[in-house]
Amino acid sequence: MFERKHFNGQIINRPWLIYSEITGKVFCGPCRLFQEINNDLYLASEGYNDWRSASARLKEHENSSCHKTCVVKLMDRGNVTQRIDSKLMEQVNQEKIYWKNVLTRIVAIVKKLASRGLPFRGHDEIIGSVNNGNFLMIVELLSEFDLFLSQHVTRFQNSGSGNTSYLSSTIYEEIIKLISKKVKNAIVAQIKTSKYYSIIVDSTPDISHIDQLSFIVRYVNEKGNAMERFLGFIDNAGHKSEKLTNIVIDTLDCLEINLIDCRGQAYDNANNMSESYKSLQARIRELNPLAFYIPCAAHSLNLVGTHSAETSSQSVKCFCLLQHVYNFFSASTHRWSILTSLLKSNAKMVKSLSFTRWSSRNDACVSLNESWDEIIQVLSIIELDKTEKSETICEASGLRIQLEKLEMAFMAVLWGFLLNRLNAVSKKLQDVNIDVCTVLELYDSLIHLVNSQRDAFDEYEEKALSKDLYPNIEIALRIFVPTPATNCTAERSFSVLKRMKNYLQSTMSLDRLNSLAILTIESDLTSSLEYEDIIDDFSRIKSRKKPM
């Protein structure tokens, strides 16, 4: 009875028909509300329960002019202007517009602070205080030029808990979590669209000595560009390969990403990650043989360079002298100022060695070679200065004698050239767009370069003195391009970790850390989110409406 079948087979509902469980009869709702003289007596007032002829009776009633008039009246009464709560609805809409304008400004502030990795909170949440943090500081700044926000701040400032103002830390923490969830969902959606992907994981301890595992996924976007996206930190992951494997699988399951579509893995060269039988890469390959393991090219190059330098005693002496020179000048502002005054305008100051990235020692070697004569000159000045301490004079004399040796000048020039090339290759290897074929080409070029320099002793001695046209190829490329060549993106996330979880925020929870980290690391996606979508989601979460 509540549906009517047309001659063309289409089923139409009868929303006007109402059944009364108390009387056991059906009524016409519009006709009962707006009874007229010609109204059907039974369906309008007394009710109808003659079920044998109900179908024909209802069809006759809904085609009558009186029924149609009552339905039109009910529709007119349904308009906001005709309703008894029209004034109330107008007030509600004005409130919606007001708070939407407030939220637009709050969301904009949250997006900017989060995308730059800046802290939100201060020592207090008092508007007008110099210690109220970056969030309220920006609110105060904008209110100086925004009349609407100024009036809102004046109306609700420091109103305390229980009063809605959307200026408290509780609100922006909820917005942070909401935006980070939208960014992560956008990344996961892109991964599923791409289908094939690779995983990159690496770990580091944070300020509170909790080990944080960075989880990165590499894939190809719709434009064919390789993307490496951060999906979060996982704390207390440990270093055992079995536990790491479970974490990787659980993370992918939680994100509803299929492990079968994984086509690559990239980790550092630690045994628990890269060993052939019981490591993380081996356990993943047992589950998916197509998830090929690629050792991090940047780590491998770093290890090769370290081995090359450590096997030569003269190289060790050269780098020890370089660090000794830096320590000597940096230990005294007087010595540093003398060296600065003698250096040429385009010369670089002496620098310390990098002990984590061997190829990055290039800057220190270049600065020593460019300032070689000036350094010897300053050492001579200090050596002849009778006002200096005897230990300083002795140290300056020893450094000068070492720098004046031919063998030391030869090693400095040689390693200056090699480190320059190695550092250039290392930076290219850390690019997100690098692929395995390019890595092999760079490795081959370095090997050829080193071999070509073996016979250049005299020279150094003198210096010492469209893919869419082919679907199968396109699929193959979408599998190949996501294969990671390095795990540098995971290590870049550690920089964000150290900025966010510092000694002032050492007790930050993992959820907040991940929310802020993904908004900072994936700032391009954060900035691209529409205010309307964020506000709509926020309003649904905070809605206090009750079903009637």
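For the structure itself, consult the block above.
Presented here is a report on the structure given in the accompanying data block. These numbers were taken from a predicted model, which means no experiment stands behind them. (Residues numbered from 1 in each chain as written. Predicted model: local features only at pLDDT ≥ 70, side-chain atom pairs only at ≥ 80, totals over all residues. Heavy atoms only, no water.)

**Topic: the overall build of the protein chain**
Here's step 1: The helix and strand inventory of the protein chain stands at 25 helices and nine strands.
Here's step 2: For the protein chain, the C-alpha radius of gyration of 36 Å lies well beyond 24 Å, the compact-globule estimate for 548 residues.
Here's step 3: Overall size of the protein chain, expressed as C-alpha extent along the three principal axes, is 120 × 60 × 40 Å.
Here's step 4: When each of the 548 residues of the protein chain is scored for burial, the buried share is 45%.
Here's step 5: For the protein chain, the exposed surface amounts to about 30800 Å²; the carbon and sulfur share of it is 54%.
Here's step 6: Computing the positive centroid from 64 side-chain charges and the negative centroid from 65, the protein chain places the two 7 Å apart. (Helix = DSSP H or I, 4+ residues; strand = E, 2+ residues; numbered from the N terminus. Rg over C-alpha atoms; globule rule 2.2 N^0.38 Å. Buried < 20%, exposed > 50% of the residue type's maximum accessible area, 1.4 Å probe, protein only. Areas by Shrake-Rupley, 256 points an atom, 1.4 Å probe, with all protein chains shown as cover. Lys, Arg positive; Asp, Glu negative; His and termini not counted. Charge placed at Lys NZ, Arg CZ, Asp CG, Glu CD.)

**Looking at the sheet that holds strand β9 (residues 292–293)**
Here's step 1: Read from one edge of the open sheet, five strands run β7-β6-β5-β8-β9, paired in mixed fashion. Among the strands making up the open sheet, the edge pair consists of β7 (226–235) and β9.
Here's step 2: Running at roughly 40° to strand β5 (residues 197–205), helix α22 (residues 488–500) makes contact with β5, β6 (211–220) and β7 of the sheet. (Pairing = 2+ DSSP bridges. Contact = heavy atoms within 4.5 Å. Axes fitted to C-alpha atoms, helices over the stretch in contact; angles between N-to-C directions.)

**Looking at unusual backbone geometry**
Here's step 1: The phi angle at His209 is positive, at roughly 65°, despite the residue not being glycine.
Here's step 2: Note that His209 resides in the loop between β5 and β6.
Here's step 3: Judged by its relative accessible area of 72%, His209 is exposed.
Here's step 4: Unusually for a residue other than glycine, Asn236 sits at a positive phi of about 55°.
Here's step 5: Among the structural elements, Asn236 can be located in the loop between β7 and α9 (241–254).
Here's step 6: Classification of Asn236 by relative accessible area gives partly exposed; the value is 47%.

**With respect to the pairing of β7**
Here's step 1: Most of β7 sits inside the fold, with nine of its ten residues counted as buried.
Here's step 2: Pairing of β6 with β7 involves nine bridges; the strand directions are antiparallel. For Tyr219, the partnering residue across the bridge sits in β7 and is Met227.
Here's step 3: In this antiparallel pair of consecutive strands, β6 and β7, the connection spans five residues, and Gly224 shows a positive phi of 85°.

**Observations concerning the nonpolar core**
Looking at soluble globular proteins, one finds that nonpolar side chains tend to be buried together.
Here's step 1: Val110, Phe120, Phe135, Ile175, Ile179, Tyr197 and Phe215 are the most contacted members of the largest nonpolar core, which totals 77 residues.
Here's step 2: In this structure, Phe135 is in contact with Ile106, Ile109, Val110, Leu113, Phe120, Leu167 and Tyr172, ignoring residues within four places of it in sequence.
Here's step 3: By size, the runner-up hydrophobic cluster in this structure holds 34 residues, among which are Ala364, Ile375, Ile382 and Met411. (Core = buried A, V, L, I, M, F, W, Y, C linked by side-chain atoms within 4.5 Å.)

**Examining the side chain of Asp146**
Here's step 1: By the element assignment, Asp146 lies in the loop between α6 (133–143) and α7 (147–156).
Here's step 2: Side chain to side chain, Asp146 and Arg105 meet in a polar contact 2.6 Å long.
Here's step 3: Looking at Asp146, its side chain comes within polar contact range of the main-chain nitrogen of Phe148, at 3.1 Å. (Polar contact = N/O pair within 3.5 Å; in protein donor to acceptor, adjacent residues only side chain to side chain.)

**Section: helix α8 (residues 169–194)**
Side chains three or four residues apart in an α-helix point the same way, a direct result of the helix having 3.6 residues per turn.
Here's step 1: Taking 1.5 Å as the rise per residue, α8 with 26 residues should run 38 Å; its terminal C-alpha atoms sit 37 Å apart, in good agreement.
Here's step 2: Lys195 occupies a position one or two residues after α8 and carries a positive phi of about 75°. (Expected span 1.5 Å × (residues − 1).)

**Describing the packing of helix α14 (residues 333–342) against helix α16 (residues 372–384)**
Here's step 1: Look at α14 against α16: their axes get within 10 Å of each other, and the N-to-C directions meet at 135°. When the axes of α14 and α16 are compared, the pair comes out oblique. Read as a crossing pair, α14 and α16 show a hand that is right-handed. The residues of α16 that touch α14, namely those facing Arg335, Ile338, Leu339 and Leu342, are Glu374, Ile375, Gln377, Val378, Ile381 and Ile382.
Here's step 2: Class assignment for the residues of the contact of α14 with α16 results in seven nonpolar, one polar and two charged. (Parallel < 35°, antiparallel > 145°, perpendicular 65-115°, else oblique. Left-handed = near helix turned anticlockwise from the far one by under 90°. Nonpolar A, V, L, I, M, F, W, Y, C, P; charged D, E, K, R; others polar.)

**Focus on a nonpolar patch on the surface**
Here's step 1: A cluster of nonpolar side chains, Met1, Phe2, Tyr19 and Trp51, forms an exposed patch at the surface whose accessible area comes to about 420 Å².
Here's step 2: Mapped onto the secondary structure, Phe2 falls in the segment before β1 (3–5).
Here's step 3: Looking at Phe2, the relative accessible area reads 40%, which means it is partly exposed. (Patch = residues over 30% accessible without salt bridge, like charges linked within 9 Å, V, L, I, M, F, W, Y side chains within 5 Å. Salt bridge = Lys/Arg side-chain N within 4 Å of Asp/Glu carboxyl O.)

**Topic: the pairing of β6**
Here's step 1: Counting buried positions over the ten residues of β6 gives ten, a clear majority of the element.
Here's step 2: The alternating pattern of β6 places Asp211, Leu213, Phe215, Val217 and Tyr219 on one face and Gln212, Ser214, Ile216, Arg218 and Val220 on the opposite face, and all of these are buried.
Here's step 3: Sheet analysis places β5 next to β6, joined by nine bridges and oriented antiparallel. The residue bridging Asp202 from the neighbouring strand is Ser214, located in β6.
Here's step 4: Once β5 ends, the chain turns through five residues before running back antiparallel as β6, passing His209 with a positive phi of about 65°.

**What about the environment of Arg218?**
Here's step 1: Looking at where Arg218 falls in the secondary structure, it is placed in strand β6.
Here's step 2: When its relative accessible area of 0% is taken as the criterion, Arg218 is described as buried.
Here's step 3: Note: C-alpha distance between Arg218 and Ile191 (27 residues apart in sequence) is 8.4 Å.
Here's step 4: Excluding residues within four positions of it along the chain, Arg218 makes contact with Tyr197, Ser198, Ala226, Met227, Glu228, Val432, Asn433, Ile434, Val481, Pro482, Thr483 and Pro484.
Here's step 5: In terms of polar contacts, Arg218 uses its side chain to reach the side chain of Glu228, at 2.6 Å.

**Examining the packing of aromatic side chains**
Here's step 1: Tallied over the full model, the rule gives eleven aromatic pairs.
Here's step 2: Aromatic pair Trp99 and Phe156: ring centres 5.6 Å apart, planes at 50°, arrangement tilted. Note that Trp99 is positioned in helix α5 (residues 86–115) and Phe156 in helix α7, a separation of 57 residues in sequence.
Here's step 3: Using a relative accessible area of 13% as the deciding quantity, one classes Phe156 as buried.
Here's step 4: Above the ring of Phe328, the side-chain terminus of Arg335 is found at 4.4 Å from the ring centroid. (Phe/Tyr/Trp six-rings, centres within 6.5 Å; stacked < 30°, edge-to-face > 60°. Lys NZ or Arg CZ within 6 Å of the ring centre and 35° of its normal.)

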